[in-house]
Every structure is written in C-alpha cells, then in structure tokens.
Amino acid sequence: MFMLVIGAVRARTAQALTIFLLAALATAVAVAGPWYAFAAAGKAAEADLGAARAADRVVSVRTGADTQGLAEEAFTRFTSDVRGRLPSVFGDPIVGITVPLSVREGSTTTAMAVAHRDGFCANVRLEGPCPQAKGEVALTHEAAQRLGVTTGEQLSLASSITNRPLVVRVVALYALTGASGTYWAGEVFRTRTQIDPMFTVLETFEERPLWNTTLVYDVELPAALLRGDGGYDLAAVLAATDTQLTAARFRLQSNAKPLLQTVAKDRAAILSGVRAAGVQTLILTWFAVGLAGWYTLRDRRADTALLKLRGVSRFRTLRLAWGQHVVPLLLGAVIGVPAGYLLARLLAGAVQVTPDRATALTQSAVAVAAVLLGSLVVLAAVEAAMLGRPVAALLQRTAPGRGDLRSALTDLLLLAIAAAAIYQARSDTTNSGLAVVAPALVALALGLLLARLLRRVAGQAGSIALRAGRLRLGMAGLQFSRSPGADRVFTLVVVAVALFVTAAGGWQADRVARDERSAAELGATRVLTVESTNRTTLLHAVRTADPGGQEAMAVVRNRNDDNVEILEVDTARLAAVTLWRPEYGVPTVLKPLANAPVVTAGRLTAEVRRDSAPPVQLTLVLQHEGTGARVTARFGTLKAGEQRVSAPAEGCAAAPGCRVVRWEVTLPPDRIGRLKPAPKGSAVTVRSLTGLDTAVLGDVARWRPGTEGANMNIAIDGGLRMAADENSTESKLIGTAVYAADTPMPLPVVLAGPAPDPWRYNDQLLKSYGQSAPVRIAGVVSGLPAVGQAGLVADLDSMRRLAADTDPGGEFQVWLAATVRPGLIADLTAAGLTVTGDQSVTGRVEWLGAQGPAAVARFALINALAVLLLAAATIAVAATVDNRSLGAQLRGLRAQGLSARIAVSTSYAGTAALLAAGLATGVVAALLAVPLAGSVLPPFADGWQVLPPPDPLIPAALAIATAVALGVLGLAAFLAVSPLARELRKKTAR
C-alpha cells in the first residue's frame, strides 16, 4: 500500500504540489497565530506599563499614629506590620512619615507639612548638606522664597494640638529629581496646592508638635505582576489585601486598577482577534483544499473505476486516496510549522513569559492538527462522493457535477449564518461571536448569490455569443457555466478579495487613527514635561528661549476645585506650535489683555491722599515678571491729607520688572501681625507712583475690585481713589484690595463636554487661582487637545496673573513645533527649566502601535494575504484542470482554421472573466460589509473616542488593495494558463 501511495503521488506531482502548498501556507498561518498573539500581548503590556503614570504602579498603605515621641519605634513597627501583610512579591518599600503644621506667610497662615522619607537625599538635588541632626530641614526654593528664609535661618511652625511651636533650622534647599518616577508618585510628599513640604530626620519627630503623624508605606509593583504573568490576578490580590489591612486599621490606596484593566483589555483583544482571524483562515483553508480535491478528481476517476472493477473495498480505496493526500499534507506541515514560527518572531518578537510559551506551543499544535485533520476529512468527503458513483459514470470524460438540491440547501444555510452575523454585528457592541467574522460572511453571501446568477447568465450569454460568432466571449461563458466548481472558485475569490480589501483598509485606518489620536493627546509634535517654580517662571523661560514665538509654547495642565481639567496655553503661540484641528474651535477669544502695568524701580515713591479719619495702611503687591515672586511694598500708615510715601521693591529695579497686582487698604497690623479691612468710610487716593504712567492711575478701566464679598469702591479723583464700601456689614466679607485689570473678566474659556455640575446651578467660577475668577464660556466644542472631551482651555498668561499669590501647580509642559532649532532645549534649560519628560507624536504612535487594536489589524492583514494566496492557488488548480478540456477544444478549432490570436486570447478569457468578476464583486462586498457589519477598525483598548474614526475604505487604500489582489490572483491565473497559450502559439509557428 505504501509503494502504491508513493507511486500515485509521483504520477500526479501537480496535484500533490497543490495540496502541499495549501498545507504549508495554512500551517504557517496556524502556527504563527498563537506565537504572534502571546508575543504581541506581552509587547502591548510592556507598552501600557511604560506609558502609565508612576502613581499607577505604586501601592500605598497609610495609617495615623500618635507616637508619644517614640517616632523611630512607631516607624519600625509600622514598617514591620505592613510588610507582613503584603505579599512578598510586592518588593521593597519606601516608608515615610508626615505631619501637617502651620507657618506664617507674610500676613497670612499657610499649611505646610514636616516630613521624613527613606532615601530622600538620593532623590533630590540639594543646595547645602543633607539634614542629619534633629531640627535640621530642607525646603524647596519656592517654599523658601514664599516664607522669606534662606539657609542657616530658623523657621517657626505652629500645631493645632499644642501651643508649643516647632522651631527648625533650614540647612539646605532641594529640587526634585526624577519627579515623574515612582519615588515622587504619591501626593503625600509633594504638594503644590499650598507650600511644598519640608524634610527632616526621623529624630525631629520626637518633638511634641510632631506626635500625631501619618505613616506611609509605598511599594512599586513589579512589572510581572502588573502584566499578570503566569495568571497572577493582581486585582484579586489587592482586594484581599485591602480587606486584611482595613481590619488592622490600615488604609490601602492604589491607582493600579485602570492600568490592570488596560493591560487585560489589550491582552484579551489580541488573543481573541488573532484567534478569530485564525479560525476564519482555517475554514477557508478547508474550503480551498476541498475545491482543489474536487478539481483533481478527474485524474483519479479512472483509478477509482479500475479498483472498483477489481473488487477492492470502498474502505481500502478511500485509504489509498487518503494516502495520496497525507504525504503532501505532512510535507506541507513540515515546511509550514517553522515558517509560521519565524513569521511570528518577525512580526512580534519572542514570547517572553514561560507559561505563555507553553500555551502558545499547545495552541499551535492544536491548530496544525486542525489544519491536517480537517483537510483530510474534507478530502475524504470529496473522495467518498466520487466512490458512490457507478463505474460507467467514473469512466466518462466529463467532470462530475454536484447535486443541485444539496448545493442549494448548503447555500441557504450559509446565507442564514451570514444574516445572523450581520444582525449580531449591528446590535452587539462587544464585537463577539459571529460579529467578528461578519465582513467575511457578508462577502460569502454576496458571492453565493452572484455565483448562482452568473452561472445561469454566463451559460445563456455564452450560447448567444457563439451563435453570433463571438468565440472568445462564448467559450468563456460556457466554460464558467459548465464547470461544476467554477461558482465555488468565484465565491472563494470574492471572500478572499473582500477580506484583503477590508483588512488593508482597516490597517491603513488604524495607522491614521493612531496618528490623529497621538496628535490630539499631545497637542503638539513634541511635548516636554518640565519642572518650574511657578507659571510666571515657566512663561518667562519659554519666551526667553524662543522670543520669536514660532517654536515653543508654555502649557500647564491643571484641575480646579470642581475637578475640571484645565489646559492653560500661551494663546499668542497657539497657531504656530500646536496641531490644532477644526473640531477644537477658534481659540482667538482667549487672548489676554496686553495692558499689564509694570514698574522697574528698586524703590517706589507714591503721592497719596488719605481722605478718612481712621488711620489706614497702604500696601502695593507686585509680582516679579521673571521669577513670579511676590514683592510687597509697604508704604506704612498714612497720615491725613496729602503726602509722599516710599517703600522698597526688592528685585524690581532691572528688567523685566514687576507687575502691579493690587493695592491694599487696611488697618495697621495688630500685635500679632494680622491685617484687618479698613472701616467703612476709609478712602485713599493715589496720585502718582514711580515708574507708572499717571494715565494708568487715572483710567478707571485699568482697575477692578475683587471678586468676593463687599469690595472696595473705585473712582477717579485726580488719581485712583479707593474707598471702603459704605454698605458693608460685619456679617459680610469686606474687601481690602483694588486689582490691576490686566485679566479679562469674566475669564473667557473654550469648553469641551458638559459644564461642571456646580456651574449649572451657581455662578461659573474657577476657584483654584487665589481669588475666585468668574468664567465666560466663549465656545463649546466636541474635543480639545490633551484634555479630550471633558475639560477647558484658558489663556496661561491670564491664569498666572490670577494666581499671583499662590500658584496652584499642575503639570508644567513645553510644546514644541514640528521644526525647532537644535539648541532650543538647551536654551530652555539655561532659562531655568528642568526637563523631566519628553514625548513625541512619533513615540506615542509607536506606543499605540503595540496595543491590541493595532496588533490585531496587523495580523488581520497578514491573515487576509494568506487567504488571498489560498484563493490564488485554487484559481491555479481550477485553471490547470479546465485547460485540458479547453485545450482539446481549441486545438480542434485551430485545425479547422481558427487564428492563433483568437485561440490564445480565448485560452485566457474564461479565467480572466472569472477573476475580473470575482475581484469586482469582492470590492463591492468590502464596501457593503463596512456599513452592514460595522467598521473593521477595532476601537482603542481604553475606549478613546475623542475624534471620529477614520474611513477604512478611502479611495487610495481601496485602489492599492485592489491592485495588490489583482496582482496576486492575476499572476497565479497567468502562470496556470500560460502553458496552454504557449502550446497554441507553437502550433502557429509550425
């Protein structure tokens, strides 16, 4: 039997080669699928972890404790207790302790934390020695500036639980290093809403004001746990750990859940998408193998008839036929298995996780077995259909036909499945079940319907054409109508072309979607995250480094008290730097007022008049335009009537000078330094000020009252007259200040999404910028750069003028244009900025390219190309078999005088017509599949939908995909028909 099988294979090399090629291609794709899926899932997880915030990778455990002065003992006990309750795989902790106290900042009291943390000095840049002794502290530069202290000076802090102050000595100033890393991920030890915390040694916490502490245990989660390597369920572990810690009166905080969900979604999307594409290709492989077996039956009919005449049983005959297929199938698998593995390595790299490698090996083995066994079953069914025929039918020269009823029932079943898939795809947003293969089933339904129609039309058109003397058209039509498998080949071509076109369109649309999302999320071609003291220093540094305003723009991302994300931009540079889209609206309404009063003098002299009986104090608050530091010029208690007063304005003498923020009219300070509002009827007129144009003082439009309480009345009386409100009562908040009107009020903003809930029922106010700022919504848009569909854009210059007293912090950024000079970043650093992060649209596109949707789109394209090659091989088999009968007919016609030109063109006409019809129908099926079955472009793993998804079938993508499909299928058809055409030409030469 073995030798008979080998002999049969050698006798029918072309048939065996066809099965070999189909098996090799199918097994390569089957093997590549699992290895690609797990490798891509690993890369997606790494990309997700790399793009995640440091806070998302940290677990923090906190508790309050009264140390009774035994800080070191409480610190050690807390560390030991928490370590024992957390899983050992969580890694080494960073433990800290903090206590909030109060400190005097000018005439007000501000909260400030005293803290200690493991490894502090190794994670900051110090100007001075690291605190080593009890009572020694390190402050940030901004905190020292705001508190008016320098290194070597003492600072007194007050506690709400004891009257005894805490006196510390400033030994160093610090700036964060690695601010975007996990060490500084938590907000406990870095706050910019008040004053940055001071850091000291643990012994300092023995002092009575520091007994009531908050202990903090931070640990960075290992990447393997976040990826879920080995099936580790971190979410369940965190939930169980939280329950245990809560019972022990500890509080666990973790932002890892959204990150874990993103990783899990990416992994599930890749595994399910690749699996769906693999199953789709497997079914089409069986279909192609069955067609190849059907077309090659003609060569085996005589052998089967001979075996039946000799009395060989059906089982032995089937086993012999099987043997002829087993050899090429196994040889194809031998070639396809390593080829598939190498293909997966080329596309996605190696699988890094050991359990995933074992799973991929198992799944690829199952997939190969499905290809081989399924192909054998299909071929056995084809052979069994032939074995059921009588000997006389097997000896006929005509090809075996199909039962019309059985074929019709099969077509109806496939049409019903396609209809169910379309319904599920349109009603189910989860893209599961039949919805995954809906585009292929749409193409299948269209192919089946048109195949039956074309078969009938082709037969009638062929007869009419022959009678009319149009030989090429007539023989092509009859060839399609009389070939039993031509309609199935046509259907396979339709499905293959539709899949390839939709996959190519989806791949192209995915690239466009990633480009658009990256630009929308970043806002500019390149975005630097920087450290700066405040908004003024950020704005000044960027404008100094890029005075032309064409390369860089200062930006702050912030959230206000109503939890609204605010994007503050330097509006004057918006058009030149940002990647602005029409969906974002027109931002020109955000421009600030350009008339900010600025003085450049180290000492200010003012001519004033006190018009009221009670003594009042006059103060001018300025802000340095380079450093953002608050400069207070105290003119002291005014005498009645006209007078000249002066006060120092430190740092304002040189450019860029100091901006006038506000005048304050108050009572003189009490014995503890507090300032109270001036009583009713108090009035002061400022006639002149050093370095300030008198026209500014005499223009009522250049000044405004505060935004809260009963404020000062403003008038022009030979200068700026400021008077306490006569209608104020003791129950009202009485204002003391008159502000320079250098910020438009209400503040114009552009809003994306719904307004914050408090804005719907109360005044529209921003409350995080020192004084509440009324807001005017100048435009409502569908989306905005960086903040997406929920947030607002405001002018940075206006916001920093509002925040002259207390900068609310936020994420400081510098957006760069597409083309910048090489030295710009160095200039930004020289201007005082520290770059802590660097993102680009290109880098973000690469990150998104590693996520699930992009990985599935790439594999879908490879899979569709494999299906196209399957269809090409099937066309080659069908054309080769059909050419035998067609060749005999053409040779006979040549003997009767048919010209060689017509004979050669006729040999190509039938296959070309089938190919052209299948190609056109496949393109139409692709165009129908998108609106009927939904977009072939998978959504982003995190559900991002700020911008509408791009059209997957734009004309350019459609044309290129169609041309590639035509090239692959046309080449296979040409190679299959060309031997007959050459033979017909040779007969002409003779």
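This write-up is about the structure you can find in this document. (Residues numbered from 1 in each chain as written. Predicted model: local features only at pLDDT ≥ 70, side-chain atom pairs only at ≥ 80, totals over all residues. Heavy atoms only, no water.)

### Observations concerning the overall build of the protein
This is how the line gets drawn: In this description a helix means any DSSP run of H or I spanning at least four residues, a strand means any run of E spanning at least two, and both kinds are numbered starting from the N terminus. For each residue, the accessible area found with a 1.4 Å probe, counting protein chains only, is set against the maximum for its type, and the residue is called buried under 20%, exposed over 50%, and partly exposed in between. Here, residues are in contact when the closest pair of their heavy atoms is within 4.5 Å. Residue exposure ignores everything except the shown protein chains as possible cover, and the areas themselves are Shrake-Rupley values with a 1.4 Å probe.
Tallying secondary structure elements over the protein gives 25 helices and 30 strands in all. The burial tally for the protein puts 52% of its 990 residues in the buried class. Long-range contacts, defined as pairs at least 24 residues apart, comprise 81% of the intrachain contacts of the protein with a sequence gap of at least 6. In the structure as shown, the protein presents an accessible area of about 42500 Å², 58% of it carried by carbon and sulfur atoms.

### Some details on the state of the cysteines
Inclusion rule: The disulfide criterion used throughout: a pair of cysteine sulfur atoms within 2.5 Å.
Applying the stated criterion to the full structure yields two disulfides. A sulfur-sulfur distance of 1.7 Å marks the disulfide that ties C121 to C130. A torsion of 70 degrees about the S-S bond marks the disulfide between C121 and C130 as right-handed. C130 sits in the partly exposed class, given a relative accessible area of 25%. One disulfide bridge connects C652 with C658, the sulfur atoms lying 1.9 Å from each other. Its torsion about the S-S bond being -90 degrees, the disulfide of C652 and C658 is classed as left-handed. Taken individually, C652 and C658 each receive the classification buried, so the pair is uniform in this respect. Here the bonded cysteines of the protein are numbered in sequence order, and their pairing is 1-2, 3-4.

### Some details on the pattern of salt bridges
Where charged atoms from two side chains of opposite charge come close, those side chains can pair. Our working definition: Note on definitions: salt bridges are taken to be side-chain nitrogens of Lys or Arg within 4 Å of carboxyl oxygens of Asp or Glu.
Scanning all chains against the criterion turns up 36 salt bridges. Of the charged contacts in the structure, one is a salt bridge between K134 and E207, with a shortest N-O distance of 3.2 Å. Of this pair, K134 sits in the loop between strand 4 (124–127) and strand 5 (136–140) while E207 is found in the loop between strand 8 (198–200) and strand 9 (212–220), placing the two residues 73 residues apart along the sequence. Judged by relative accessible area, K134 falls into the partly exposed class, the value being 43%. With its nearest N and O atoms 3.1 Å apart, the salt bridge here joins R573 to D546. One end of the pair, R573, is in the loop between strand 13 (565–569) and helix 17 (574–577); the other, D546, is in the loop between helix 16 (535–545) and strand 12 (552–559), and 27 residues separate them in sequence.

### A look at the sheet that holds strand 23 (residues 720–723)
For clarity, the cut-off: We treat two strands as partners when DSSP finds at least two bridges between them. Every axis corresponds to a line fitted to the C-alpha atoms, with the helix fit spanning only the stretch in contact, and the corresponding angles, defined between N-to-C directions, vary from 0 to 180 degrees.
Spatially, 18-15-20-23-22 is the arrangement adopted by the five strands of the open sheet, whose pairing is antiparallel. Each of the sheet's edge strands pairs with one partner strand only, and the pair in question is strand 18 (641–648) and strand 22 (713–716). Along the sheet, successive strands turn relative to each other by an average axial angle of 30 degrees, direction set aside. As judged from the four bridges shared by strand 20 (residues 683–689) and strand 23, these two strands associate in the antiparallel manner. When the bridges of strand 23 are listed, V684 appears paired with M722.

### Concerning the nonpolar core
The nonpolar side chains of soluble globular proteins are, as a tendency, buried together. This is how it is decided: In this description, a nonpolar core means a group of buried Ala, Val, Leu, Ile, Met, Phe, Trp, Tyr and Cys residues linked to one another through side-chain atoms lying within 4.5 Å.
The biggest cluster of nonpolar side chains holds 83 residues, and the ones touching the most others in it are Y36, I270, V489, V497, V501 and L969. With residues near it in sequence (within four places) discarded, V501 still touches V923, A926, L953, L958, A961 and T962. Within the second largest apolar cluster, 50 residues are counted, among which are V61, L86, L202 and L221.

### A short note on the pairing of strand 11 (residues 526–531)
Most of strand 11 sits out of view: five of its six residues are buried. Relative to strand 29 (residues 811–816), strand 11 runs antiparallel, the two sharing four bridges. The partner of V527 across the bridge, within strand 29, is W815. Alignment of strand 11 against strand 30 (residues 834–840), held across six bridges, turns out to be antiparallel. The partner of V530 across the bridge, within strand 30, is V835.

### A word on a nonpolar patch on the surface
Heads up, the condition is: Only residues whose relative accessible area exceeds 30% and that form no salt bridge enter a patch; like-charged residues are grouped when within 9 Å of one another, and nonpolar side chains (Val, Leu, Ile, Met, Phe, Trp, Tyr) when within 5 Å.
On the surface, V924, L928 and L932 cluster together into a nonpolar patch covering about 210 Å² of accessible area. With respect to the helices and strands, L932 occurs in helix 24 (residues 900–933).

### What about the pairing of strand 13?
The element strand 13 is extensively covered by neighbouring structure, given that five of its five residues are classed as buried. Neither face of strand 13 is exposed, since E565, L567 and V569 on one face and I566 and E568 on the opposite face are all buried. Where strand 12 lies against strand 13, five bridges are found, and the strand directions are antiparallel. In the sheet register, V556 faces strand 13, and the bridge partner there is E568. With four bridges joining them, strand 13 and strand 28 (residues 791–795) adopt parallel strand pairing. From the neighbouring strand, L567 faces strand 28, where its bridge partner is V793.

### Digging into the packing of aromatic side chains
Under the convention used in this document: A pair of aromatic rings is counted whenever rings of Phe, Tyr or Trp (Trp by its six-membered ring) have centres within 6.5 Å, and the orientation is called stacked for planes under 30 degrees apart, edge-to-face for over 60 and tilted otherwise. In this scheme, Lys NZ or Arg CZ marks a charge over a ring once it lies within 6 Å of the ring centre and within 35 degrees of the ring normal.
The tally for this structure, following the rule as stated, stands at 13 aromatic pairs. On the basis of an interplanar angle of 80 degrees and a centroid distance of 5.2 Å, the ring pair of W580 and Y584 is categorised as edge-to-face. On the accessibility criterion, W580 (27% relative accessible area) is partly exposed. Relative to W663, the ring of F635 has its centre 6.3 Å away and its plane inclined at 25 degrees; by these criteria the two rings are stacked. Placement of the pair is F635 in strand 17 (residues 630–637) and W663 in strand 19 (residues 658–666), with a sequence separation of 28 residues. This pair shows no difference in class: F635 is buried, exactly as W663 is. Pairwise contacts between aromatic rings join F120, Y174, Y183, W184, F189 and F199 into one cluster. In this structure, R117 packs its charged tip against the face of Y183, placed 4.5 Å from the ring centre.

### With respect to the side chain of T578
For the record, the criterion: Whenever two N or O atoms come within 3.5 Å, that pair is a polar contact, provided that in protein one can donate a hydrogen and the other can accept it, and provided that, for residues adjacent in sequence, both atoms are side-chain atoms.
Relative to the helices and strands, T578 is located in the loop between helix 17 and strand 14 (598–599). A polar contact of 2.5 Å, which involves the side chain of T578, links it to the backbone oxygen of L574. Those residues in contact with T578, other than ones at most four positions away along the chain, are G523, M553 and W815.

### Some thoughts on the sheet that holds strand 13
Where strands meet in a sheet, backbone hydrogen bonds hold them as pairs that are either parallel or antiparallel. What the nine strands build is an open sheet, ordered 26-27-25-28-13-12-29-11-30; its pairing is mixed. Every other strand in the sheet has two partners, leaving strand 26 (765–766) and strand 30 as the edge strands with one partner each. Along the sheet face, helix 16 touches strand 11, strand 12, strand 13 and strand 29 and points at about 160 degrees away from the line of strand 12.

### Concerning unusual backbone geometry
For the peptide bond that leads from A655 to P656, omega is 10 degrees, which places it in the cis range. You can see P656 is positioned in the loop between strand 18 and strand 19. Omega for the bond connecting M745 with P746 falls within 30 degrees of zero, at -5 degrees, which places this linkage in the cis form. The residue P746 is located in the loop between strand 24 (737–740) and strand 25 (747–752) in this model. Even without glycine at this site, Q68 takes up a positive phi of about 55 degrees. Not every positive phi belongs to a glycine, and A786 is a case in point at roughly 75 degrees. A relative accessible area of 15% places A786 in the buried class.

### Section: the packing of helix 7 (residues 256–295) against helix 15 (residues 486–522)
This is how it is decided: Any angle between 65 and 115 degrees counts as roughly perpendicular, while under 35 counts as roughly parallel, over 145 as roughly antiparallel, and the rest as oblique. Take the far helix as your reference; a near helix turned counterclockwise from it by less than a right angle gives a left-handed crossing, and one turned clockwise gives a right-handed crossing. Any residue outside Ala, Val, Leu, Ile, Met, Phe, Trp, Tyr, Cys, Pro, Asp, Glu, Lys and Arg is labelled polar, Gly included; the first ten of those are nonpolar and the last four are charged.
Helix 15 packs onto helix 7 with a crossing angle of 155 degrees between their chain directions and a minimal axis gap of 11 Å. Overall, the two elements helix 7 and helix 15 adopt an arrangement that is roughly antiparallel. For the element pair helix 7 and helix 15, the recorded crossing hand is left-handed. Judged by residue contacts, Q280, L284, F287, A288, L291 and Y295 of helix 7 engage A486, R488, V489, L492, V495 and L499 from helix 15. Broken down by class, the residue content of the contact of helix 7 with helix 15 amounts to ten nonpolar, one polar and one charged.

### Points about the environment of V867
The residue V867 is located in helix 23 (residues 852–895) in this model. It is 9.3 Å that separates the C-alpha atoms of V867 and A288, two residues lying 579 residues apart in sequence. Residues within four places of V867 in sequence aside, it is in contact with T281, L284, A496 and L499.

### Remarks on the packing of helix 15 against helix 22 (residues 841–849)
Contact geometry of helix 15 with helix 22 gives a least axis separation of 9 Å together with a crossing angle of 125 degrees. As judged from the angle between their axes, helix 15 and helix 22 are oblique. For the element pair helix 15 and helix 22, the recorded crossing hand is right-handed. Residue-level inspection shows R514, D515, R517, S518, A519, E521 and L522 of helix 15 in contact with helix 22, the latter providing V841, R844, V845, W847, L848 and G849. Of the residues contributing to the contact of helix 15 with helix 22, the split by class is six nonpolar, two polar and five charged.

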